[in-house]
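# Descriptive analysis of the structure
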Amino acid sequence: MGEYNGAAVGAFETDSYLVACVAVDAAVKAADVKVEGVERNRLGSGACVKLRGRISDVRAAMDAAEEAARRMSPVTKSVVIPAPTEGTEKMLQMTIRK
Amino acid sequence: MKDGAYGLVEVLGSSNAVVCVDRMVKTSDVYFKTWNTRCGGHTTIFMAGDLSSVNAAVSAVAENPPCQVFYTAVISNPHEEMVKFVEEMAAKFPGK
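Residues numbered from 1 in each chain as written. Chains lettered and ligands numbered in written order. Predicted model: local features only at pLDDT ≥ 70, side-chain atom pairs only at ≥ 80, totals over all residues. Heavy atoms only, no water.

Let's shift gears to the overall build of chain B. For chain B, the count of helices and strands is three helices and four strands. Listing the helices and strands of chain B from first to last along the sequence gives β-α-β-β-α-β-α. Rg of the C-alpha trace for chain B: 12 Å, near the compact-globule value of 12 Å for 96 residues, within the 12% margin. For chain B, the spread of C-alpha atoms along the principal axes amounts to about 30 × 30 × 20 Å. Scored against the burial criterion, the 96 residues of chain B give a buried share of 44%. Charge separation in chain B, taken as the distance between the mean sites of 8 positive and 10 negative side-chain charges, equals 6 Å. (Helix = DSSP H or I, 4+ residues; strand = E, 2+ residues; numbered from the N terminus. Rg over C-alpha atoms; globule rule 2.2 N^0.38 Å. Buried < 20%, exposed > 50% of the residue type's maximum accessible area, 1.4 Å probe, protein only. Lys, Arg positive; Asp, Glu negative; His and termini not counted. Charge placed at Lys NZ, Arg CZ, Asp CG, Glu CD.)

Spelled out as structure tokens, the structure:
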């Protein structure tokens, strides 16, 4: 299990890897969150970003990231999981190891 | 040596990426950090250097693009979390 076990998760997906990187930079500047992984798991150029940290930081970071990403391209999906359970942790780790 | 800024350019295909990197390196004092190519062919180039030269390089590609450029962006004063993320990506390539 990753070392962020139990920390709140913020995940969002954009349709461009570059926009995801810009959003990650905005997110880590906005709040004290760790970047768990950025995966390109879609056929096009999309990327999924996972942020970990305290729930208030994750929410602030997600707002900043979404705001930064929306300027460049539509943010496909974003979700905040306050308290990931055992199964959710395993699922999160699965895609990163790919 | 902390980089002042990162310049990001997204193009289609690795060969286009090489053309863009070549132009950017000749435009101003930036160096090629790493790139990320995945299925679908979109290649994202990471250039590094101080802010003004990265701005000059990215705008050189953005103004008259040598090939189809999807997005360009400049990240100024990257957070150390961002630097760690880019370093991890750069470390994937041997001999870097």
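After presenting the structure, the write-up continues.
Moving on to the sheet that holds strand 2 (residues 31-37) of chain B. One open sheet holds the four strands; their spatial order is 2-3-1-4 (chain B), and the pairing between them is antiparallel. Each having just a single partner strand, strand 2 and strand 4 (69-76) of chain B make up the two edges of the open sheet. Between one strand and the next, the sheet's axes are offset by a mean angle of 15°, whatever the strand orientation. Contacts from helix 1 (residues 17-30) of chain A reach strand 1 (5-12), strand 2, strand 3 (42-49) and strand 4 of chain B within the one sheet, and its direction differs from that of strand 4 of chain B by about 20°. Against the sheet, helix 1 (residues 14-27) of chain B engages strand 1, strand 2 and strand 3 of chain B, with an angle of about 20° to strand 3 of chain B. (Pairing = 2+ DSSP bridges. Axes fitted to C-alpha atoms, helices over the stretch in contact; angles between N-to-C directions. Contact = heavy atoms within 4.5 Å.)

All names here are of chain A. Along the chain, Val-79 falls in strand 4 (residues 75-81). Judged by relative accessible area, Val-79 falls into the partly exposed class, the value being 43%. Residues Val-79 and Lys-34, spaced 45 residues apart in sequence, show a C-alpha to C-alpha distance of 16 Å. With near-sequence residues (within four places) excluded, Val-79 lies in contact with Val-9, Gly-10, Ala-11 and Met-62.

Turning our eyes to something else, we now look at the pairing of strand 3 of chain B. Taken residue by residue, a regular strand's side chains alternate between the two faces of the sheet. All names here are of chain B. When you tally the buried positions in strand 3, you get eight out of eight residues, the bulk of the element. Here strand 3 shows no split at all, with His-42, Thr-44, Phe-46 and Ala-48 on one side and Thr-43, Ile-45, Met-47 and Gly-49 on the other all buried. Pairing of strand 1 with strand 3, which is carried by eight bridges, proceeds in the antiparallel orientation. Within the sheet, the bridge partner assigned to Gly-7 lies in strand 3 and is Met-47.

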